[in-house]
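Take a look at the letters that make up each chain.
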Amino acid sequence: MGAIDYLALLAGAGNTIAISAIAIVLGSPLGLMLALIRWAKVPGLDGPVAILVSLLRATPSVTLMLLVYFALPVLGLELPRVAAAVATLALGSMAYNCEIWRGALLAFPKDQLDAAKALGMRRNLRLHHIILPQLVRSALPALVNEMTLLIKVSPAIAVIGVTDVTRAAVRIGASTYQPVPPFTAALAIYLVIIGALVLAQRLFENRQLTRNAA
Amino acid sequence: MNFHGFAVVWSERDLILRGLLLTLEIVAISSVLAGILGLTVFWSLVQGGPAIARLVKAVIDVVRSVPFMLLCYLIYYGLPSLNVTLDNFTAGVTALTLYNAAYVAELLRGAWKAQPPEAAEAARALGFHGWGLLTRIVLPPVVLDAVPMLGNQMIQVIKDSAFLVIITVQELTYAANEIQATYYVPFASFICAILLYWMLCLGVEGGVRGLLRVAEVRR
């Protein structure tokens, strides 16, 4: 493995991180929206959302990736590879995030809402000033955990030819006939990415703790 | 929406069925092997000294931070460099087993730590040790508590098994892709595969609920 190969792996890492990050940024709020629909038991939407989430949570990422990439053009929607990759990861993330947000919503203390209602706060105000700030904090560990899961299934995007870390490693292995060094390097890169996420979560939690103590 | 695609998939149902059966076989073998291996690792964690515990935990943490697909590639394309060549089915089952055994060990450890230690201490004082201690005292409450999480892990095995399409194991996703490539009916073929995966996962969830109900009745 030469310097160029390492650069190719790093470029792959850049793609993995960028695509995963966009998928997380799209998937989390979408998941929150679905969770709010289920929490509020919106008639006509509650059931379909529950079914969609159950279905998506049971769908392997590779299969979903192939469906999005090959089937959307047939339905008349031509997507570039990277967009299909982002959409697939975001869909999976949305389903998992929905369950996380919903769990946090169900665990939310009712008395706070009653107090806010008694003070005459409207629904939007309650949501923005009472529920969401606390929800983010209580759901954070599970959300970060889901982000690490998303990065772990992100190689599924290599299947349709997006050059992420895994695909870069496969290419190098195929051209040098020595697959072990690039795969080991790729492994190290994933360890660093996932380790950084877990570390960031710990730092954030510690900061929250000291802030709450002060 | 046209139903032509679904008619094509129906006419190729043998292919889908064969893929589904292979997926089931892979999931069954890997789950059992991962259960046994995970149990062994868990037991070495409980029995062994702190050095073993630290080593095992480090290995578990590394495995849990690696994408399954990469492990798959590493085993299928990397092992031949060490003069170990596995066919794609064996490589896939090996990868699934190793990957999920780490999670099983961690799940069991978590359930074990949540148990009161007195039962095992009392059993030791009464002369239980080794196999008897494990199967009669330690495992029953641990496994019972871990059943829902073990079920989730099995769903993970089902979902991860689709990754084996990259090393051309002819499981469900592979079959769907074959049909898609031959007849150009991607929507119908992948939707059918996804619905079948859903059925499998709902089956596992139902099984877990049934087990818990039986356990509740017998308690």
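What counts, and where the lines are drawn
Residues numbered from 1 in each chain as written. Chains lettered and ligands numbered in written order. Predicted model: local features only at pLDDT ≥ 70, side-chain atom pairs only at ≥ 80, totals over all residues. Heavy atoms only, no water. Helix = DSSP H or I, 4+ residues; strand = E, 2+ residues; numbered from the N terminus. Expected span 1.5 Å × (residues − 1). Buried < 20%, exposed > 50% of the residue type's maximum accessible area, 1.4 Å probe, protein only. Arc of directions from axis to C-beta. Contact = heavy atoms within 4.5 Å. Disulfide = S-S within 2.5 Å. Buried area = accessible area lost by both parts, 1.4 Å probe. Salt bridge = Lys/Arg side-chain N within 4 Å of Asp/Glu carboxyl O. Polar contact = N/O pair within 3.5 Å; in protein donor to acceptor, adjacent residues only side chain to side chain. Nonpolar A, V, L, I, M, F, W, Y, C, P; charged D, E, K, R; others polar. Axes fitted to C-alpha atoms, helices over the stretch in contact; angles between N-to-C directions. Parallel < 35°, antiparallel > 145°, perpendicular 65-115°, else oblique. Left-handed = near helix turned anticlockwise from the far one by under 90°.

J.: Could you give an account of helix α7 (residues 165–176) of chain A, with specific residues and numbers?
T.: For α7(A), built from 12 residues, the straight-helix expectation of 16 Å at 1.5 Å per residue is met to within 8% by its first-to-last C-alpha distance of 17 Å. Every buried residue of α7(A) is accounted for by Val165(A), Thr166(A), Ala168(A), Ala169(A), Ile172(A) and Gly173(A). Looking straight down α7(A), one finds its buried side chains confined to an arc of 160°; they lie on one side. For α7(A), the elements touching its buried residues are α1 (3–39) and α8 (180–213) of chain A together with α4 (68–78) of chain B. One or two steps after α7(A), the chain reaches Tyr177(A), where phi turns positive at roughly 60°.

J.: Outline the state of the cysteines, supporting the account with residue identities and numerical values.
T.: This structure, assessed with the given rule, holds zero disulfides over all chains. Distance from the sulfur of Cys98(A), which forms no disulfide, to the nearest cysteine sulfur (Cys201(B)) is 17 Å. Given a relative accessible area of 0%, Cys98(A) falls into the buried group. Its sulfur unpaired, Cys192(B) is 16 Å from the next cysteine sulfur, which belongs to Cys201(B). Overall, the relative accessible area of 19% leaves Cys192(B) in the buried class.

J.: An account of the interface of chain B and chain A is needed here, citing residue identities and associated values.
T.: Each partner contributes residues to the interface: chain B has 36 residues there, and chain A has 34 residues. Overall, the association of chain B and chain A removes approximately 3,100 Å² of surface from exposure, summing both partners, and the carbon and sulfur fraction of that is 81%. Taken together, the links from chain B to chain A amount to zero salt bridges. Counting every contact that joins chain B to chain A gives six residue pairs in polar contact (both at pLDDT 80 or more). Looking at the side of chain B that touches chain A, the elements with two or more residues in it are α3 (50–64), α4, α5 (88–113), α7 (130–161), α8 (172–183) and α9 (186–218) of chain B. The element best represented in the side of chain B that touches chain A is α9(B), accounting for 11 residues. Residue classes in the side of chain B that touches chain A are distributed as 27 nonpolar, seven polar and two charged.

J.: Explain the pattern of salt bridges to me, using residue names and the numbers behind them.
T.: This model, assessed by the stated rule, comprises three salt bridges over all chains. The partner of Arg38(A) in a salt bridge is Asp46(A), and the shortest N-O contact between them spans 3.3 Å. Pair check on accessibility: Arg38(A) and Asp46(A) agree, each one buried. Between Arg109(B) and Glu106(B) there is a salt bridge whose closest N-O contact spans 3.0 Å. You can see Arg109(B) and its partner Glu106(B) sitting in helix α5, three residues apart, about one turn around the helix. For the residue pair Arg109(B) and Glu106(B), the accessibility class agrees, reading buried in each case.

J.: So what's going on with the environment of Val25(A)? Residues and values would help.
T.: Residues and elements named next belong to chain A. For Val25, the location among the structural elements is in helix α1. Among the residues examined, Val25 registers a relative accessible area of 60% and is labelled exposed. Sequence separation between Val25 and Leu127 is 102 residues; the distance between their C-alpha atoms is 20 Å.

J.: Quick one: what's the story with the side chain of Thr173(B), residue by residue and with numbers?
T.: Tracing the backbone shows Thr173(B) in helix α8. Here Thr173(B) falls in the buried class, since its relative accessible area comes to 0%. Within the local environment of Thr173(B), its side chain forms a polar contact with the side chain of Thr63(A), the two groups lying 2.9 Å apart. Within the structure, the side chain of Thr173(B) is placed 2.7 Å from the side chain of Tyr197(B), a separation counted as a polar contact. Residues within four places of Thr173(B) in sequence aside, it is in contact with Thr63(A), Leu66(A), Ala162(B), Val165(B), Phe190(B) and Tyr197(B).

J.: Describe the packing of α5(B) against α7(B), with residues and values.
T.: Residues and elements named next belong to chain B. Closest axis-to-axis distance for the α5/α7 pair is 9 Å, and the angle between their directions is 150°. In this view, α5 runs roughly antiparallel relative to α7, as classed from their interaxial angle. Crossing of α5 against α7: the hand is right-handed. Side by side, α5 and α7 meet where Leu96, Tyr99, Asn100, Tyr103, Val104, Leu107, Leu108, Ala111 and Trp112 of the first sit next to Val138, Val142, Asp145, Ala146, Met149, Leu150, Gln153, Gln156, Val157, Asp160 and Ser161 of the second. Residues of the contact of α5 with α7, tallied by class, amount to 14 nonpolar, four polar and two charged.

That is the geometry; function is a separate question.
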